[in-house]
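Spelled out from the first residue to the last, the chains are:
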Amino acid sequence: MSTIYLKKTALPSYVARYSQPEHIQACYTCGTCNSACPVNAATSRLRPMELVYKARLGLLDELVSMPDIWYCMDCNRCSNFCPMMVKPLSLIQNLRAEAISRKIVCPELAEQHKEVLKRLLNALWHAADALLDGEYPKVAEHWEQWARTSPSDKANQLIKLPSDTPQTTAFRQMVRGYGVNATSISSCFTCRECSNACPICLDPRVFDPVKIFRLANFGLKDELLRSPCIWLCLDCQSCMSACSQGVKGALIIRQLQHIAYEEGVVAKDFPVRWQQLKGEVYGEYIREIDKLLEAARSVKPPYLKQV
Ligand code: SF4
Ligand code: SF4
Ligand code: SF4
Ligand code: SF4
């Protein structure tokens, strides 16, 4: 970890300007955001709490040079789960803007970062697909092909809608759940607000929450339980906040994973193996971001010399 140099000056104007919306002063270093961060869970390379802490100390010069701000995949899980309503993602986005305005990185990096995110999602889809087929692929060997290939053929084949049967009705009931977790999935009127809010709906051919909810509404059990898509969800709950109909999208997808596991559609060790495989895929993503950063920096900051 890089050394923290305490600055004696007041908070830089940029951080001060944004400190209100980010609400960083409320942080009491509980670590919830670190546990909630999917990049941190997979690679231990991104700790939003550390960024918030350094921002509170006014370490702007160090923050804008940290690769961590580009490892973030903009999922907002850290903010959604923070008990103090701190918004680490807003801080990260402002730091990226500051890094660009200071010419630490080139402006194109923002767009390139988005492209790498799309590549990550493609790769995650293919990795889940392979694991569902019972393979445990070598990620390093497949990364390039997975990353550049969207799963259009397999994911977009026409689906024949079933007529209502006791099986489709029973499946719908299972997806809705019971008690406090019950969700009004049938209230969905396909407005797509959930898809707009979903941080990983960058290419609907790879992942689109409203598609999952429609398939669940039609009772298309096999298509859903065998789909890699249900394993891509980050459980960030942004879809739930966005839905005016009270559809609890994140819970629906978690319920689908649960049914796939309980009914033996996936192997008993699937969740563990998926965590391992995801860690390897995210590792390639981090390597790709590092390469981008090396190319994008006009002046190499101290951290690159240490690597
Ligand atoms: S979850 Fe919130 S309060 Fe806890 S460490 Fe993260 S930013 Fe701070
Ligand atoms: S927005 Fe997501 S990826 Fe970025 S720091 Fe927060 S939890 Fe991690
Ligand atoms: S936001 Fe709600 S109503 Fe709109 S498509 Fe998504 S689940 Fe359906
Ligand atoms: S919880 Fe909802 S918004 Fe978040 S990744 Fe899953 S489908 Fe998308």
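Residues numbered from 1 in each chain as written. Chains lettered and ligands numbered in written order. Predicted model: local features only at pLDDT ≥ 70, side-chain atom pairs only at ≥ 80, totals over all residues.

Chemist: Give me the overall build of the protein chain: which residues, what numbers.
Modeler: Along the protein chain, the regular secondary structure elements total 19 helices and zero strands. By residue count, 41% of the 307 residues in the protein chain fall in the buried class. Here the analysis covers contacts within the protein chain between residues at least 6 apart in sequence; of these, 75% occur between residues at least 24 apart. (Helix = DSSP H or I, 4+ residues; strand = E, 2+ residues; numbered from the N terminus. Buried ≥ 20, exposed ≤ 12 C-beta atoms within 10 Å, placed from the backbone. Contact = placed C-beta atoms within 7 Å.)

Chemist: Can you break down the site of ligand 4 residue by residue, with the values?
Modeler: Taken together, 14 residues sit near ligand 4, with Cys 198, Cys 233, Cys 236, Cys 239 and Ala 250 positioned nearest. When grouped by side-chain class, the residues that make up the shell around ligand 4 number ten nonpolar, three polar and one charged. (Near = placed C-beta within 6 Å. Nonpolar A, V, L, I, M, F, W, Y, C, P; charged D, E, K, R; others polar.)

Chemist: Tell me what's going on with the nonpolar core, and back it up with residues and numbers.
Modeler: Counting residues in each nonpolar core, the largest one holds 87 residues, and the members touching the most others are Ala 127 and Ile 230. For this core, the element with the most residues is helix H9 (residues 109-132), which contributes ten residues. Structurally, this core is a two-domain feature, drawing no fewer than three residues from each of domain 1 (13-109 + 298-306) and domain 2 (114-284). If sequence neighbours within four positions are ignored, Ile 230 has contacts with Ile 212, Leu 224, Ile 253, Leu 256, Gln 257 and Ala 260. (Core = buried A, V, L, I, M, F, W, Y, C linked by C-beta atoms within 7 Å. Domains from an automatic or database assignment.)

Chemist: Tell me about the site of ligand 2, and please be specific about residues and values.
Modeler: With respect to spatial proximity, 15 residues lie near ligand 2, and among them Cys 37, Cys 72, Cys 75, Arg 77 and Cys 78 are the closest. Mapped onto the shell around ligand 2, the elements with two or more residues apiece are helix H3 (38-43), helix H7 (77-81) and helix H8 (88-101). Residue composition of the shell around ligand 2, by class: twelve nonpolar, one polar and two charged.

Chemist: Describe the packing of H9 against helix H10 (residues 139-148), with residues and values.
Modeler: At a minimum axis distance of 8 Å, the contact between H9 and H10 shows a crossing angle of 120 degrees. With respect to H10, the element H9 is oriented oblique. As H9 packs across H10, the resulting crossing turns out to be right-handed. The segment H9 lies against H10, with Arg 119, Asn 122, Ala 123, His 126 and Ala 127 engaging Val 139, His 142, Trp 143, Trp 146, Ala 147 and Arg 148. Tallied by class, residues from the contact of H9 with H10 come to six nonpolar, three polar and two charged. (Axes fitted to C-alpha atoms, helices over the stretch in contact; angles between N-to-C directions. Parallel < 35°, antiparallel > 145°, perpendicular 65-115°, else oblique. Left-handed = near helix turned anticlockwise from the far one by under 90°.)

Chemist: So what about the confidence of the model for the protein chain? Which residues, and what values?
Modeler: Model confidence for the protein chain is summarised by a mean pLDDT of 86, while 84% of its residues fall at 70 or above. In this model residues 1-10 is a low-confidence stretch, pLDDT under 50, and it forms eight contacts with partners more than four residues away in sequence or in other chains. Low pLDDT (under 50) marks residues 303-307, which in the prediction has six contacts with non-local residues, meaning those over four places away or in another chain. (pLDDT = per-residue confidence, 0-100.)

Chemist: Give me the environment of Thr 149: which residues, what numbers.
Modeler: With respect to the helices and strands, the residue Thr 149 is situated in the loop between H10 and helix H11 (152-155). Taking the number of C-beta atoms within 10 Å as the measure of exposure, Thr 149 has 15 and is therefore partly exposed. Measuring from C-alpha to C-alpha, the distance between Thr 149 and Arg 119 comes to 8.2 Å, with 30 residues separating the pair along the chain.

Chemist: If you had to explain helix H17 (residues 249-262) to someone new, which residues and values would you point to?
Modeler: With 14 residues, H17 ought to run about 20 Å at 1.5 Å a step, and its terminal C-alpha atoms sit 20 Å apart, in line with that. For H17, the complete set of buried residues consists of Gly 249, Ala 250, Leu 251, Ile 252, Ile 253, Gln 255, Leu 256 and Ala 260. Gly 264, located one to two residues past H17, shows a positive phi value of around 75 degrees. (Expected span 1.5 Å × (residues − 1).)

Chemist: Tell me what's going on with the environment of Ala 42, and back it up with residues and numbers.
Modeler: Here Ala 42 lies in helix H3. Not counting chain neighbours up to four residues away, the residues in contact with Ala 42 comprise Lys 278, Gly 279 and Tyr 282.

Chemist: With reference to specific residues and values, describe unusual backbone geometry.
Modeler: One non-glycine residue, Thr 190, adopts positive backbone phi at about 50 degrees. Residue placement: Thr 190 occurs in the loop between helix H12 (166-176) and helix H13 (193-197). For Thr 190, a count of 12 C-beta atoms within 10 Å corresponds to the exposed category. With a phi angle near 70 degrees, Gln 237 is a residue other than glycine that sits in the positive phi range. Inspection of the secondary structure puts Gln 237 in the loop between helix H15 (221-225) and helix H16 (238-242).

Chemist: For the packing of helix H14 (residues 209-217) against H17, give the residues involved together with the corresponding values.
Modeler: Geometry of a packed helix pair, given as the angle between the helix axes and the separation of the axes. The geometry of H14 relative to H17 is characterised by a closest axis approach of 11 Å and an angle of 65 degrees between their N-to-C directions. In the crossing of H14 with H17, the sense of the turn from one axis to the other is left-handed. Here H14 contributes Pro 209, Ile 212, Phe 213 and Ala 216 to the contact with H17, which in turn contributes Gly 249, Ile 252 and Ile 253. Taken together, the residues of the contact of H14 with H17 break down into six nonpolar, one polar and no charged.

Chemist: Quick one: what's the story with the environment of Val 116, residue by residue and with numbers?
Modeler: Within the fold, Val 116 resides in helix H9. Along the primary structure Val 116 and Arg 148 are separated by 32 residues, whereas in three dimensions their C-alpha atoms are 9.8 Å apart. The residues touching Val 116, leaving out its near neighbours within four places in the chain, are Tyr 285, Glu 288, Ile 289 and Leu 292.

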